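# Observations on the model geometry
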Amino acid sequence: MDVVTDPVRMQELALEGRRRGEKSALVPTMGFLHEGHLSLVRLAKERAENVVLSSFVNPAQFGPQEDLDRYPRSVERDLELCEQEGVSVVFMPEAGTMYAEDASVKIEENALSRGLCGGSRPVHFSGVLTVVAKLFLLAQPDLAIFGEKDAQQLRLIRRMVRDLNFPIEIVPGPIVREADGLAMSSRNSNLSVEERAQAIVLRRSLLAVEKAVAKGERRVEILRDIVTQHLAEAPLGQLDYLSFVDDETLAPIEDLGDQPALAALAVQFPNARLIDNLTLDF
Ligand code: AMP
C-alpha cells in the first residue's frame, strides 16, 4: 500500500496507472474511518483493481463556527484498516499542499445546494465540490464511491459530474448503521454518553415516517409532526432542519406524490451535528 501526501506525486501515480490501462476507484473521506467508510472501500474493490482512499479534513468545507478543530483523527488506525482492506493508495495531503495561499478558483452550485445542509452551512458545498473536483483531477479515477448518508452531497456530486463532464462514474453506497440504528459517523465519537443515547431519535423518527407512509399517509404536515414528537425524546438535540424534498432535484414538496422523495434531517447536539435521511419510493 502506498501512502502519498504530495498532490503532485498522487497525480503522477494515477497517470502511470492509467497509462498501464488499470481501472481505479476513489473513496474520498475525512478519515477516522468506520464501517461506513470500509463498506465503500469494499464496493470500490468489487469494481476496480486500484482503490485510492483519500483522507483529508478539508478546511474549505467548514464554516468559521464549525467543528474543524474538534474533528476526530486517527491516522495510524486508519492506515491499518486500509491495509487490511486491500486499499492500493492512501492519499493524505496536508491542507497547505492542497490549496495555494492565493487560490482564487472555486466551484459553486446554485440549485441543489441551497436547502437542507446548504441552508445552515452556507460555504459547505462549495468547499466540498471544489475539493472533490481537485481529488478527481489528482486521483484520475474511473469511478468514485459516495455514501447515501450524505444524500445532498451525493446528488450534488452527480450534478457536478454531469455539468462539468467529468468522465467518472459515481457509485452510491448504502448507509451503514450501529446496532441501534444510528448512522455511523466519525462525529459520533464526540457525543457524550447522554447525547449518544438520545441520538437514536434521528433514525427512530424516520422509521416512524416510513411506517406512516406505508400505511398511506401522504401529508407532509402530518409526517413532520411525527418527527417532532420523536425529537421531544431528545432534549439535548435541537432540530436544525427537517425537509421533505424531491429525491433528485431536492425541491421541497408539499405532499408526497408518485415521485421518489427524500426525507432528510439534521439535529444539533452540544458536541456534534448529526444527519440522517430516508428515501421514500413508491
Ligand atoms: P466523511 O469521512 O464523513 O466525509 O465520509 C466519507 C464518505 O463516507 C462519504 O461519501 C460519506 O457519505 C460516506 N459515509 C460516511 N458515513 C457513512 C455511513 N454510515 N454509511 C455509508 N457511508 C458513509
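Source: prediction; values computed, not measured.

## A short note on the site of the ligand
- The environment of the ligand is formed by 17 residues, the closest being His37, Gly147, Asp150, Val176 and Met184.
- With respect to the ligand, the side chain of Asp150 contributes an N or O atom lying 2.6 Å from an oxygen atom.
- With respect to the ligand, the backbone of Val176 contributes an N or O atom lying 2.8 Å from a nitrogen atom.
- Isolated, the ligand exposes 480 Å² of accessible area, and the fraction of that covered by the protein chains is 94%.
- Mapped onto the shell around the ligand, the elements with two or more residues apiece are strand E2 (24-29), helix H2 (35-47) and strand E5 (143-147).
- In terms of residue count, the dominant contributor to the shell around the ligand is H2 (three residues).
- Of the residues that constitute the shell around the ligand, the class distribution is nine nonpolar, six polar and two charged.

## Quick notes on unusual backbone geometry
- Despite not being glycine, Leu116 shows a phi value in the positive range, around 45°.
- Examined against the element boundaries, Leu116 turns out to sit in helix H5 (residues 116-120).
- On the basis of relative accessible area, Leu116 is assigned to the buried category, the value being 9%.
- Despite not being glycine, Leu250 has its phi angle at roughly 60°, a positive value.
- Looking at the element boundaries, Leu250 is found in the loop between strand E7 (238-246) and strand E8 (261-268).

## Quick word on the domain arrangement of the protein chain
- Segmenting the protein chain into domains produces domain 1 (2-173) and domain 2 (186-276).
- Centre-to-centre separation of domain 1 and domain 2, based on C-alpha positions: 26 Å.
- Contacts between domain 1 and domain 2 engage 19 residues on the former and 18 residues on the latter.
- Counting the surface lost from both domain 1 and domain 2, the interface buries some 1600 Å², and carbon and sulfur atoms represent 52% of this.
- Area buried by domain 1 at its contact with domain 2 is led by Arg70, Leu116 and Arg155, which between them contribute 37% of it.
- Taken together, the links from domain 1 to domain 2 amount to two salt bridges.
- Between Asp67 and Arg187 there is a salt bridge whose closest N-O contact spans 2.7 Å.
- Our enumeration of links across domain 1 and domain 2 arrives at nine residue pairs in polar contact (both at pLDDT 80 or more).
- The set of elements that each furnish at least two residues to the side of domain 1 that touches domain 2 consists of H5 and helix H7 (151-164).
- Partitioning the side of domain 1 that touches domain 2 into residue classes produces eight nonpolar, five polar and six charged.

## Some points on the packing of aromatic side chains
- Across all of its chains, the model carries four aromatic pairs by this definition.
- Judged by centre distance (6.1 Å) and plane angle (80°), the rings of Phe62 and Tyr71 are edge-to-face.
- Phe62 sits in the buried class, given a relative accessible area of 7%.
- Take Tyr71: its relative accessible area is 8%, and that puts it in the buried class.
- Ring plane angle 70° and centroid distance 5.5 Å describe the contact between Phe136 and Phe166, whose orientation is recorded as edge-to-face. Of this pair, Phe136 sits in helix H6 (residues 124-139) while Phe166 sits in the loop between H7 and strand E6 (169-173), and the two are 30 residues apart along the sequence.

## Remarks on the nonpolar core
- Ranked by internal contacts, the top residues of the largest apolar core, which has 42 residues, are Met10, Phe136, Ile157 and Ile170.
- Mapped by element, the contributors of at least two residues to this core are helix H1 (7-19), strand E4 (89-91), H5, H6, E5, H7, E7 and E8.
- Of all the elements, H6 adds the most residues to this core, at ten residues.
- Once residues lying within four places of it in the same chain are set aside, the contact partners of Ile170 are Phe136, Ala144, Phe146, Leu154, Ile157, Arg158 and Val161.
- Among the nonpolar cores identified, the runner-up in size contains 28 residues, and Leu202, Ala212, Ile226 and Leu256 belong to it.

## Notes on a negative patch on the surface
- A surface patch of negative charge is lined by Glu221, Asp225, Glu254 and Asp255.
- Looking at where Asp225 falls in the secondary structure, it is placed in helix H10 (residues 220-231).
- Given a relative accessible area of 40%, Asp225 falls into the partly exposed group.

## Some points on the packing of H6 against H7
- Following both chains from N to C, one finds H6 and H7 inclined at 55°, their axes separated by 11 Å at the closest point. By the angle between their directions, the pair H6 and H7 is classed as oblique. In this structure, H6 meets H7 at a crossing whose hand is right-handed. Where H6 abuts H7, its residues Phe125, Val128, Leu129, Val132, Ala133 and Phe136 lie against Gln152, Gln153, Leu156, Ile157, Met160 and Val161.
- Broken down by class, the residue content of the contact of H6 with H7 amounts to ten nonpolar, two polar and no charged.

About the thresholds
- Residues numbered from 1 in each chain as written.
- Predicted model: local features only at pLDDT ≥ 70, side-chain atom pairs only at ≥ 80, totals over all residues.
- Heavy atoms only, no water.
- Near = heavy atom within 4 Å.
- Polar contact = N/O pair within 3.5 Å; in protein donor to acceptor, adjacent residues only side chain to side chain.
- Areas by Shrake-Rupley, 256 points an atom, 1.4 Å probe, with all protein chains shown as cover.
- Helix = DSSP H or I, 4+ residues; strand = E, 2+ residues; numbered from the N terminus.
- Nonpolar A, V, L, I, M, F, W, Y, C, P; charged D, E, K, R; others polar.
- Buried < 20%, exposed > 50% of the residue type's maximum accessible area, 1.4 Å probe, protein only.
- Domains from an automatic or database assignment.
- Contact = heavy atoms within 4.5 Å.
- Buried area = accessible area lost by both parts, 1.4 Å probe.
- Salt bridge = Lys/Arg side-chain N within 4 Å of Asp/Glu carboxyl O.
- Phe/Tyr/Trp six-rings, centres within 6.5 Å; stacked < 30°, edge-to-face > 60°.
- Core = buried A, V, L, I, M, F, W, Y, C linked by side-chain atoms within 4.5 Å.
- Patch = residues over 30% accessible without salt bridge, like charges linked within 9 Å, V, L, I, M, F, W, Y side chains within 5 Å.
- Lys, Arg positive; Asp, Glu negative; His and termini not counted.
- Charge placed at Lys NZ, Arg CZ, Asp CG, Glu CD.
- Axes fitted to C-alpha atoms, helices over the stretch in contact; angles between N-to-C directions.
- Parallel < 35°, antiparallel > 145°, perpendicular 65-115°, else oblique.
- Left-handed = near helix turned anticlockwise from the far one by under 90°.

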